[in-house]
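Structural characterization, general
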2 protein chains.
Amino acid sequence: MAHHVIIVAAGKGSRMGEALPKQFLELNGEPILLHTLRRFYTYDPSLHLIVVLHPDYVAFWNDLARTLRVDIPHRTVAGGAERFHSVRNGLQSIDDRDGIVAIHDGVRPLVSNATLQRCFEAAAQHGSAVPSLPVHESMRSVDAHGHNQAVDRSRYRLVQTPQCFQLNDLRSAFEQDYNDAFTDDASVWEHFGRAVHLVEGNQENLKITTPEDLKMAQALMAK
Amino acid sequence: MAHHVIIVAAGKGSRMGEALPKQFLELNGEPILLHTLRRFYTYDPSLHLIVVLHPDYVAFWNDLARTLRVDIPHRTVAGGAERFHSVRNGLQSIDDRDGIVAIHDGVRPLVSNATLQRCFEAAAQHGSAVPSLPVHESMRSVDAHGHNQAVDRSRYRLVQTPQCFQLNDLRSAFEQDYNDAFTDDASVWEHFGRAVHLVEGNQENLKITTPEDLKMAQALMAK
């Protein structure tokens, strides 16, 4: 039974203040996206890897992968308007019905083998698995009037990827209409009426969205 | 009117897996605590700096500061059982009634001048100022039964230090009995019936509590 990985790298954005979308920026000499691909390939070379890219960047990435002689087998799929549509396009490109599918942010190159193992194993057992971490900072809630108050941080978890699900059930969940509250795949799954099973993530598994994040990732990778 | 800074470095802990409390660990060749002191001194040399240390480490730090020829004027105060008691000891060591007091974690050496300026200015105007950041990860709440559900992360802020307050009002707030819900100084202030004014923090202002944090701080400091 094949397991699939949809790596979402469909941004065109320039939140990093760079011309190039952040998944293509260099981290220790290689594009971030290549590091991410290699993490999964190293964990299990039999995983079916799918990279979802902005339509403007599919040819760009395929050329870059050829130039860099990337020898990690993967397919590319064109993304949609929102992350939700990009994941849906990825799911529709998979022919299998059974197995697990992992949805992962292209800009999280530091997911650990231990996190991957926890996610795939728990998803096989519980139908879903989402890596998460406790909140280390104090937290406050804010309301529309600008008031804020302390909340008990032990009641919250920060969520990472890969978010793993039974493939066919997730495909059904993504037949729902798009909703602004879908900030990640777990929220789509939950809105479809399914329970989300949390597992432990790893602290280094940061999402690179700012120049500071890129510096931190470089430091963690040098370890 | 003098402004005071209480730097809380009263941990004995070994969460870092090191023999030495983390505030004394080396970051780019100097103890973390020294970097933290220097941030405030560089921002405004007229600030009155107070370092609260575990009773077992007061002499250790004073010796270390002498050995390293630390020329940043500061006082040391012995801490108490919990952070709350350490801050209270720091407050009781201040003779002034007026002015602003900033309470800062000793293991946050990367607070920016801009954050410091926002905090001191807003505290003078509003009575309190607490630096905070939006939540970038998806977030879920968890209950005692292990159930979890998506929450709207835009309704929450992660809180940093320095948390700044009108000195005499904060001293009154710290006359309250200790309460487990006091995870930071803002929660003490709020429990005393006062509104907390949030200002923008800076992303690099991380709290160094793990070896990964230390690596990230090194990378950010090298910038």
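Residues numbered from 1 in each chain as written. Chains lettered and ligands numbered in written order. Predicted model: local features only at pLDDT ≥ 70, side-chain atom pairs only at ≥ 80, totals over all residues. Heavy atoms only, no water.

1. Concerning the overall build of chain A
Scanning chain A from terminus to terminus reveals seven helices and twelve strands. Taking 223 residues into account, the globule formula puts the C-alpha radius of gyration at 17 Å, and chain A, at 17 Å, falls close to it. For chain A, the spread of C-alpha atoms along the principal axes amounts to about 55 × 40 × 35 Å. When the accessible area of chain A is evaluated, it comes to approximately 9,800 Å², of which 46% is carbon and sulfur surface. Mean positive and mean negative side-chain charge positions of chain A (22 and 27 charges, respectively) differ by 2 Å. (Helix = DSSP H or I, 4+ residues; strand = E, 2+ residues; numbered from the N terminus. Rg over C-alpha atoms; globule rule 2.2 N^0.38 Å. Areas by Shrake-Rupley, 256 points an atom, 1.4 Å probe, with all protein chains shown as cover. Lys, Arg positive; Asp, Glu negative; His and termini not counted. Charge placed at Lys NZ, Arg CZ, Asp CG, Glu CD.)

2. Considerations on the interface of chain B and chain A
By a widespread convention, an interface's size corresponds to the accessible area lost as its parts come together. The interface of chain B with chain A comprises 39 residues on the first partner and 39 residues on the second. Between chain B and chain A lies a buried interface of about 3,600 Å² when both sides are counted; carbon and sulfur atoms form 55% of it. Taken together, chain B and chain A are joined by four salt bridges. Close ionic contact of Glu137 of chain A with Arg108 of chain B constitutes a salt bridge, the shortest N to O distance being 2.6 Å. For the pair chain B and chain A, the number of links is 22 residue pairs in polar contact (both at pLDDT 80 or more). Listed by contribution, the elements that provide at least two residues to the side of chain B that touches chain A are β8 (138–142), β9 (148–151), β10 (156–159), α6 (185–191) and α7 (211–222) of chain B. Element by element, the count of residues in the side of chain B that touches chain A is highest for α7 of chain B, at six residues. (Contact = heavy atoms within 4.5 Å. Buried area = accessible area lost by both parts, 1.4 Å probe. Salt bridge = Lys/Arg side-chain N within 4 Å of Asp/Glu carboxyl O. Polar contact = N/O pair within 3.5 Å; in protein donor to acceptor, adjacent residues only side chain to side chain.)

3. A look at the relation of the copies chain B and chain A
Relative to chain A, chain B is turned by 180° and slid 0.0 Å along the rotation axis, the superposed coordinates differing by an RMSD of 0.0 Å. Overall, the copies show the geometry of a two-fold rotation axis. Residues of chain B ranked by C-alpha distance from the rotation axis are headed by Met216 of chain B, positioned 2.4 Å from it. A shared interface surface links the copies, since 100% of the contact residues of chain B are contact residues in chain A too. (Least-squares fit on C-alpha atoms with pLDDT ≥ 70 in both.)

4. Brief notes about the packing of aromatic side chains
On inspection of all chains with the given rule, the structure shows 21 aromatic pairs over all chains. Considering the side-chain rings of Phe24 of chain A and Tyr57 of chain A, the 5.4 Å spacing of their centres and the 35° angle between planes classify their relative orientation as tilted. Here the residue Phe24 of chain A occupies a position in the loop between β1 (4–9) and β2 (26–27), and Tyr57 of chain A occupies one in the loop between β4 (48–53) and α2 (58–67), the gap between them amounting to 33 residues. Accessibility expressed as a relative area gives 4% for Phe24 of chain A, which makes it buried. Aromatic side chains Phe24 of chain B and Trp61 of chain B sit 6.1 Å apart centroid to centroid with 25° between the ring planes, which places their arrangement in the stacked category. Here Phe24 of chain B, found in the loop between β1 (4–9) and β2 (26–27), pairs with Trp61 of chain B, found in helix α2 (residues 58–67); they are 37 residues apart in sequence, far enough to count as distant. Members of the aromatic cluster, connected to one another through ring pairs, are Phe24, Tyr57, Phe60 and Trp61 of chain A. Here the guanidinium or amino end of Arg194 of chain B rests over the ring plane of Trp189 of chain B, the centre of that ring lying 5.6 Å away. (Phe/Tyr/Trp six-rings, centres within 6.5 Å; stacked < 30°, edge-to-face > 60°. Buried < 20%, exposed > 50% of the residue type's maximum accessible area, 1.4 Å probe, protein only. Lys NZ or Arg CZ within 6 Å of the ring centre and 35° of its normal.)

5. Quick notes on the pattern of salt bridges
Applying the stated rule across the entire model yields 18 salt bridges over all chains. Salt-bridge contacts for Asp105 of chain A lead to Arg108 of chain A; the nearest nitrogen and oxygen are separated by 2.8 Å. Like Arg108 of chain A, Asp105 of chain A is buried. The salt bridge partner of Arg140 of chain A is Glu190 of chain B, with a shortest N-O separation of 2.3 Å. Here Glu190 of chain B lies in helix α6 and Arg140 of chain A lies in strand β8 (residues 138–142), a pairing that spans two chains. The exposure class assigned to Glu190 of chain B is partly exposed, which follows from its relative accessible area of 24%. Three or more residues are tied together by salt bridges with common partners; here these are Arg83, Asp105, Arg108 and Asp185 of chain A together with Glu137 of chain B.

6. What to know about the confidence of the model for chain A
Mean pLDDT for chain A: 94, with 97% of residues reaching 70 or above. Here the complex is predicted with pTM 0.91, and the ipTM for its interfaces comes to 0.92. (pLDDT = per-residue confidence, 0-100.)

7. A word on the environment of Val5 of chain B
Within the secondary structure layout, Val5 of chain B lies in strand β1. Note on Val5 of chain B: relative accessible area 0%, which makes it buried.

8. Re the side chain of His35 of chain B
Relative to the helices and strands, His35 of chain B is located in helix α1 (residues 32–43). Here Leu27 of chain B takes part through its backbone oxygen, which lies 2.6 Å from a polar atom of the side chain of His35 of chain B.

9. Here's the deal with the packing of α1 of chain B against helix α4 (residues 113–126) of chain B
Residue and element names in this part refer to chain B. At their nearest, the axes of α1 and α4 sit 10 Å apart, and the two run at 65° to each other. Relative to α4, the element α1 is oriented roughly perpendicular. At the point where α1 passes α4, the crossing takes the right-handed sense. For the pair α1 and α4, the contacting residues are Arg39, Phe40 and Tyr43 in the first and Asn113, Leu116, Gln117 and Phe120 in the second. (Axes fitted to C-alpha atoms, helices over the stretch in contact; angles between N-to-C directions. Parallel < 35°, antiparallel > 145°, perpendicular 65-115°, else oblique. Left-handed = near helix turned anticlockwise from the far one by under 90°.)

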